[in-house]
Every structure is written in C-alpha cells, then in structure tokens.
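Coordinates in review
Single-letter residue listing:
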Amino acid sequence: YTITAAATTAQQRAERTVTMGTLFTPPPSLLLKEALVTTYTLDLPWLLGAAPLLQRIPCTLVHGVRSSEQERELQAAAPPSMKLLRPQLSHHGVHHSKLFMLFV
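Calculation notes
Residues numbered from 1 in each chain as written. Predicted model: local features only at pLDDT ≥ 70, side-chain atom pairs only at ≥ 80, totals over all residues. Heavy atoms only, no water. Helix = DSSP H or I, 4+ residues; strand = E, 2+ residues; numbered from the N terminus. Buried < 20%, exposed > 50% of the residue type's maximum accessible area, 1.4 Å probe, protein only. Contact = heavy atoms within 4.5 Å. Areas by Shrake-Rupley, 256 points an atom, 1.4 Å probe, with all protein chains shown as cover. Salt bridge = Lys/Arg side-chain N within 4 Å of Asp/Glu carboxyl O. Pairing = 2+ DSSP bridges. Axes fitted to C-alpha atoms, helices over the stretch in contact; angles between N-to-C directions. Core = buried A, V, L, I, M, F, W, Y, C linked by side-chain atoms within 4.5 Å.

For the chain, the helix and strand inventory stands at five helices and four strands. The order of α-helices and β-strands along the chain, N terminus first, is α-α-α-β-α-β-α-β-β. Across the 104 residues that make up the chain, the buried fraction comes to 24%. In the chain, 61% of the contacts between residues at least 6 apart in sequence involve partners at least 24 apart. Summed over its atoms, the accessible surface of the chain is roughly 7300 Å², and 57% of this surface lies on carbon and sulfur atoms.

Below, the structure written as structure tokens:
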C-alpha cells in the first residue's frame, strides 16, 4: 500500500486510512506472528483493548516510562507474551516516535 498524494476529502482520507481495528481483526490478524511497538508514553490498557491480539502473540514493547510506580503499573498490566524494554534515555530530551512493526 503506497500513498502517493495527500488525501483532500473525507472520503479520500477514509479510503487511505488503516485503523487499529483493521490491522488487528481477521483476516489480517490471522497472519500476524509477532509485534514490535515503540512509544515514549502509552496507555497499555487502551492499547490492549484496541489490539487484543497483542495479548496472544509475542510482542516487544519499547517504552519511555520513567517513574518506578508507572513502570510497576505497566508490568502489572502487560500480558505474559509481552516483553517490556526501557532504554537508557538522555536527560537532554528525546525524539519519541511511535512505531509498529508487525511480523507475519
């Protein structure tokens, strides 16, 4: 799927939009074997509600949660199939892109 021009109308935007629901419901989700998600901050219960498949396939979640309390909450909410990684971050600030890599 390649976007070669910006959508200008609501219909064009809808035609070129892939939603979380589209990715994580059959049939596309039947192909997914593993996921890598990177984000600086997140609402894990929302993410798992929007993409319940992430509770059943191996998923590595790279996050920027800094406080010990928030990290404990994140670990408590994470399913057993999810590996949590928190990289060492500079005190000068970070660029916090969101990235989903879905493996089939």
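And the narrative resumes.
What follows deals with the pattern of salt bridges. The final tally for this structure, using the stated rule, is one salt bridge. With a closest N to O distance of 3.1 Å, arginine 86 and glutamate 71 form a salt bridge. With a gap of 15 residues between them, arginine 86 in the loop between strand S3 (82–85) and strand S4 (99–103) and glutamate 71 in helix H5 (residues 68–77) connect regions that are remote in the sequence.

Once that is clear, we can look at the sheet that holds strand S2 (residues 59–62). The strands that make up a sheet are held in pairs by hydrogen bonds between backbone atoms, and each pair lies either parallel or antiparallel. Taking strand neighbours across the sheet as the criterion, the four strands line up as S3-S2-S1-S4 in an open arrangement whose pairing is mixed. Sheet topology places S3 and S4 at the edges, where each strand pairs with a single neighbour. Sheet twist, expressed as the mean angle between neighbouring strand axes with direction ignored, is 10 degrees. Bridge count between S2 and S3: four bridges; the pairing is parallel. Counterpart to cysteine 59 in the pairing with S3 is methionine 82.

Here the focus is the pairing of strand S1 (residues 34–38). Regular strands place their side chains on alternate faces of the sheet. As paired elements, S1 and S4 share five bridges and run antiparallel to each other. Counted as the bridge partner of alanine 35 is leucine 102 from S4. One ladder, built from four bridges, connects S1 with S2; its direction is parallel. If you follow leucine 36 over to S2, its bridge partner there is threonine 60.

A separate point is the nonpolar core. Grouped together as the largest cluster of nonpolar side chains are 17 residues, with contacts concentrated most on Phe24, Leu44, Leu54, Ile57, Cys59, Leu61 and Met82. Where this core is concerned, the elements lending two or more residues are S1, helix H4 (44–50) and S2. Contact partners of leucine 44, with chain neighbours within four places excluded, come to Leu61, Leu74, Ala77, Ala78 and Met82.

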